[in-house]
Amino acid sequence: MLRSDPAEDGWKKRDFPGFLALIGPLWSRREEHGWAYGMIAEANHINAAGLVHGGMLMSLADQALSVVVWEAMDRTPCVTVQLDTHFLAAVHPGDFVQARAQVTRKSRSLVFVQGSLVVKGDPVLTASGVWKVVSAARGSS
C-alpha cells in the first residue's frame, strides 16, 4: 500500500503516547524554517468511502500547528482555542501526507497560526487557528 518510504527522504518515524499513538505513527523532518510532520495513510485512517477520514486529517493539522506554536512560545503549554479547516482534495490509502505551519501573530496569551497538508506537493487541506498559552499548573489559565 505504501507508495514510497519517507525515511529515504530524511523523515524519522515518531512513536508518541496517548491519542497520537492511535492516529500514528507520525513522521517528522527538520527543514530550513522549522519542522515538518507527516503520516502515511493506512487502513485504520480510512472512512467508508475508502479515503482518509477528514477527522484524521484535522488531527494531523492540529498536531502540526500545535507543535509549531509550542516551539514559538519557548515550549510553554498551549491549547487549541479555534481550528478552521478547508478540505481541498481527497487523500488515498498509501499517500504520504505532509504538514507544515507557521505562526502569523502572537501575544503573551494568544498565538495565531496557519498551515497546510500536502500530498506530492499538492494541497489537500488548509488550516488556521488560535492557541491559548496556559500555565503548566492544573486549573490555571
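In this report, the structure presented in the accompanying data block is examined. Predicted model only: the values in this text are computed from it and were never measured.

Conventions adopted
- Residues numbered from 1 in each chain as written.
- Predicted model: local features only at pLDDT ≥ 70, side-chain atom pairs only at ≥ 80, totals over all residues.
- Heavy atoms only, no water.
- Helix = DSSP H or I, 4+ residues; strand = E, 2+ residues; numbered from the N terminus.
- Contact = heavy atoms within 4.5 Å.
- Buried < 20%, exposed > 50% of the residue type's maximum accessible area, 1.4 Å probe, protein only.
- Polar contact = N/O pair within 3.5 Å; in protein donor to acceptor, adjacent residues only side chain to side chain.
- Phe/Tyr/Trp six-rings, centres within 6.5 Å; stacked < 30°, edge-to-face > 60°.

1. Comments concerning the environment of A36
Here's step 1: Of note, A36 is situated in strand β3 (residues 34–40).
Here's step 2: C-alpha separation for the pair A36 and F96, spaced 60 residues apart in sequence, amounts to 12 Å.
Here's step 3: Setting aside chain neighbours within four positions, we find A36 in contact with W11, W27, S28, R29, E31, A99 and R100.

2. Details of unusual backbone geometry
Here's step 1: With a phi close to 55 degrees, D74 is a non-glycine residue in the positive phi region.
Here's step 2: Note on placement: D74 falls in the loop between α2 (54–72) and β4 (78–87).
Here's step 3: Phi is positive for K120, close to 55 degrees, though the residue is something other than glycine.
Here's step 4: Assignment of secondary structure puts K120 in the loop between β6 (110–119) and β7 (122–133).

3. Notes on the side chain of Q98
Here's step 1: With respect to the helices and strands, Q98 occurs in strand β5 (residues 96–106).
Here's step 2: We classify Q98 as buried; its relative accessible area is 18%.
Here's step 3: Looking at Q98, its side chain comes within polar contact range of the side chain of R100, at 2.7 Å.
Here's step 4: Residues contacting Q98, with those up to four places away along its chain left out, are W11, R29, Y37, G38, S116, L117 and V118.

4. Thoughts on the packing of aromatic side chains
Here's step 1: Enumeration over the complete set of coordinates arrives at 2 aromatic pairs.
Here's step 2: Relative to F96, the ring of W11 has its centre 5.0 Å away and its plane inclined at 80 degrees; by these criteria the two rings are edge-to-face. With W11 in the segment before β1 (12–14) and F96 in strand β5, the pair connects residues that are 85 residues apart, well separated along the chain.
Here's step 3: Classification of W11 by relative accessible area gives buried; the value is 4%.
Here's step 4: Its relative accessible area of 11% is what places F96 among the buried residues.
Here's step 5: Seen in terms of ring centroids, W27 and F96 are 6.4 Å apart; in terms of plane orientation they differ by 90 degrees. Their pairing is edge-to-face.

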